[in-house]
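What follows is each chain in one-letter form.
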Amino acid sequence: MTTIYITAQVFDGNLGEGWRDDAETAHAFADYLAERWEADLAELAETHKIEIDIEVCERTSGAASDVRVDCGEDWELSGEVEELLTTRDEAFGVFCNADESQYLAA
């Protein structure tokens, strides 16, 4: 069993206008993104351990680091995971339009 490590960052200053509290929204988006990625990798979770760590950086904007996938030396698995993951931009678009995030809107 290989452990799949996924790390990413969410900067609260990169969320755009229209949020009541940028930090609260960044944390909510990080939670949503982790759940989305867990769903993306549900089939792999049957045979691999998956650890997702999303760091929320408050009062920060700019270029967040790329999403990192580490499967040790199993490069084929790393490529498969990268193909399966929903992109941050796609996930953010869904998050912004979800009923669950409307309480965060200004």
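The rules behind the values
Residues numbered from 1 in each chain as written. Predicted model: local features only at pLDDT ≥ 70, side-chain atom pairs only at ≥ 80, totals over all residues. Heavy atoms only, no water. Helix = DSSP H or I, 4+ residues; strand = E, 2+ residues; numbered from the N terminus. Polar contact = N/O pair within 3.5 Å; in protein donor to acceptor, adjacent residues only side chain to side chain. Contact = heavy atoms within 4.5 Å. Phe/Tyr/Trp six-rings, centres within 6.5 Å; stacked < 30°, edge-to-face > 60°. Buried < 20%, exposed > 50% of the residue type's maximum accessible area, 1.4 Å probe, protein only.

Asks: It is not clear to me how the side chain of Ser 101 should be interpreted in this structure. Could you clarify?
Replies: By the secondary structure assignment, Ser 101 is in the segment after helix H4 (88-97). A polar contact is formed between the side chain of Ser 101 and the backbone oxygen of Phe 95, at a distance of 2.5 Å. Beyond its immediate stretch of four places on either side in the chain, Ser 101 contacts Trp 19, Phe 95 and Cys 96.

Asks: Hey, could you run me through the packing of aromatic side chains in this one?
Replies: Geometrically, a pair of aromatic rings is defined through the distance of the ring centres and the angle of the planes. Within this structure, the stated rule accounts for 6 aromatic pairs. Aromatic side chains Tyr 32 and Phe 95 sit 5.8 Å apart centroid to centroid with 45° between the ring planes, which places their arrangement in the tilted category. Placement of Tyr 32 in helix H1 (residues 22-40) and of Phe 95 in helix H4 is noted, with a sequence separation of 63 residues between them. Note on accessibility: Tyr 32 and Phe 95 belong to one class, buried.

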